[in-house]
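Listed here are the chains, written in short residue letters.
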Amino acid sequence: MDGFLNWVGHTPFSLMLQTQAWMIPTIQSIHILAVALVFTSAAVLDLRLLGVLNAQARLPALVHRFAPWIGWGVLLLAVTGLLNMVAEPTRALLNHWFQLKMLALAIVCALTWGLAAQIKTRPGAWDRAPLQAKVLAILSLALWAFIVTAGRWIAYT
Amino acid sequence: MALHDLSVALQDSALGQTIGGSAWLFPTLETIHLFCLTTVLGSIAIVDLRLLGLAGGGEPASVVLRRYTPFTWWAFLGAAISGGLLFVSRAGAYTDLPVFYMKLGYMALAALNMAYFHFFIEPTVAAWDRGPPATAARIAGGLSLLFWASVVVCARQVGFHM
């Protein structure tokens, strides 16, 4: 693993990212803007499931509007995150915060995808399941909060 | 230089020393700052995209404004407090960075844009609440997105120079 990471860090592409001083901060700025998109879109859906915000709006309409932002946002996060890792290969992959962050991301993406898929086939499903809806919302909010927190703490371990 | 002396005094204060000397306070404040700034960006983007006529057209602009701007305000308050505490701990270094002043500059532009919108454009909302947004509202929405994104780009640069 160390040998592979060392090799990645010495590829011409990685060296280009490292030597252009504006590259890494710009990639990270885009990463943060994408965090804003994804975190807010997920929070809007979760707050609706909790009945706190948009309580009058129909859930399928909100999912239809905000779920694509989560999907495209996560893709943008993956691309910018991957570029970061190519530039600094030893920083993230072996870091425990990073590994936990990826695990939480996989779980929350599966949950969100499952919700969106179910809403598509049975639009009224979650309106009739307030308790499950609330549990899902709290789980989703907690996972996203952990992902953002872990992302910041990678820099400190 | 007076500003530099003042910022060094801030940094040497009991509060500055406590935050700067702790292993976990600075990253914890950074994490809180990150949550607040992403909420500011995300909630204002929902409003701006509606003002631009690009998303959320199913609801009146006035409803979108009323529903999401309170999140922007509370998150901004949180970002200002957490950011202020981060600043105090390393005030001497921040005030030496040109990009830190650029960040404040973009925040001032965003504030001016918001004030202009609030006092001169929002009162006319009844005329474009459901149809295509007025040109002035589109410009305000576009500028808001541009200024806030610039704040984030500058903020990331600030972190890099610490």
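Residues numbered from 1 in each chain as written. Chains lettered and ligands numbered in written order. Predicted model: local features only at pLDDT ≥ 70, side-chain atom pairs only at ≥ 80, totals over all residues. Heavy atoms only, no water.

Participant: Tell me what's going on with the overall build of chain A, and back it up with residues and numbers.
Facilitator: Within chain A, the regular secondary structure consists of seven helices and zero strands. The secondary structure elements of chain A, listed N-terminal to C-terminal, are α-α-α-α-α-α-α. The principal-axis extent of the C-alpha atoms belonging to chain A is close to 55 × 25 × 25 Å. Intrachain contacts of chain A at a sequence separation of at least 6 include 76% that bridge at least 24 residues. A total of about 8,300 Å² of accessible surface is found on chain A, and carbon and sulfur atoms cover 73% of it. If the 10 positive side-chain charges of chain A are averaged to one point and the 4 negative ones to another, these points end up 14 Å apart. (Helix = DSSP H or I, 4+ residues; strand = E, 2+ residues; numbered from the N terminus. Contact = heavy atoms within 4.5 Å. Areas by Shrake-Rupley, 256 points an atom, 1.4 Å probe, with all protein chains shown as cover. Lys, Arg positive; Asp, Glu negative; His and termini not counted. Charge placed at Lys NZ, Arg CZ, Asp CG, Glu CD.)

Participant: I'd love a proper account of the nonpolar core, names of residues and values included.
Facilitator: Leu49, Trp126 and Trp144 of chain A together with Tyr68 and Trp128 of chain B are the most contacted members of the largest nonpolar core, which has 59 residues in total. With 11 residues, helix α3 (residues 23–49) of chain A is the largest single contributor of residues to this core. Excluding its chain neighbours within four sequence positions, the residues that come into contact with Trp126 of chain A are Leu49, Leu59, Leu115, Gln118, Ile119, Gln132, Ala133 and Leu136 of chain A. Within the second largest apolar cluster, 11 residues are counted, among which are Ile19, Leu25, Tyr94 and Leu97 of chain B. (Core = buried A, V, L, I, M, F, W, Y, C linked by side-chain atoms within 4.5 Å. Buried < 20%, exposed > 50% of the residue type's maximum accessible area, 1.4 Å probe, protein only.)

Participant: Residues and numbers for the interface of chain A and chain B, please.
Facilitator: The figure often quoted for interface size is the accessible area lost as the parts come together. Facing the 23 residues of chain A at the interface are 27 residues of chain B. Contact with chain B buries surface across chain A, with Ile32, Arg65 and Arg152 of chain A losing the most and accounting together for 22% of the total. The tally of links between chain A and chain B comes to one salt bridge. One salt bridge in this structure joins Glu30 of chain B and Arg152 of chain A, with 3.1 Å as the shortest N-O distance. Counting across the interface, chain A meets chain B through seven residue pairs in polar contact (both at pLDDT 80 or more). Every element with two or more residues in the side of chain A that touches chain B is listed here: α3, α4 (59–87) and α7 (130–153) of chain A. Residue composition of the side of chain A that touches chain B, by class: 16 nonpolar, five polar and two charged. (Buried area = accessible area lost by both parts, 1.4 Å probe. Salt bridge = Lys/Arg side-chain N within 4 Å of Asp/Glu carboxyl O. Polar contact = N/O pair within 3.5 Å; in protein donor to acceptor, adjacent residues only side chain to side chain. Nonpolar A, V, L, I, M, F, W, Y, C, P; charged D, E, K, R; others polar.)

Participant: Any details on the side chain of Ser82 of chain B? Residues and values, ideally.
Facilitator: Residues and elements named next belong to chain B. By the element assignment, Ser82 lies in helix α4 (residues 61–89). Taking relative accessible area as the criterion, Ser82 reaches 2% and is therefore assigned buried. At a separation of 3.1 Å, a polar atom in the side chain of Ser82 contacts the side chain of His33. Sequence-distant contacts of Ser82, defined by excluding residues within four places in its chain, comprise Leu29, Ile32 and His33.

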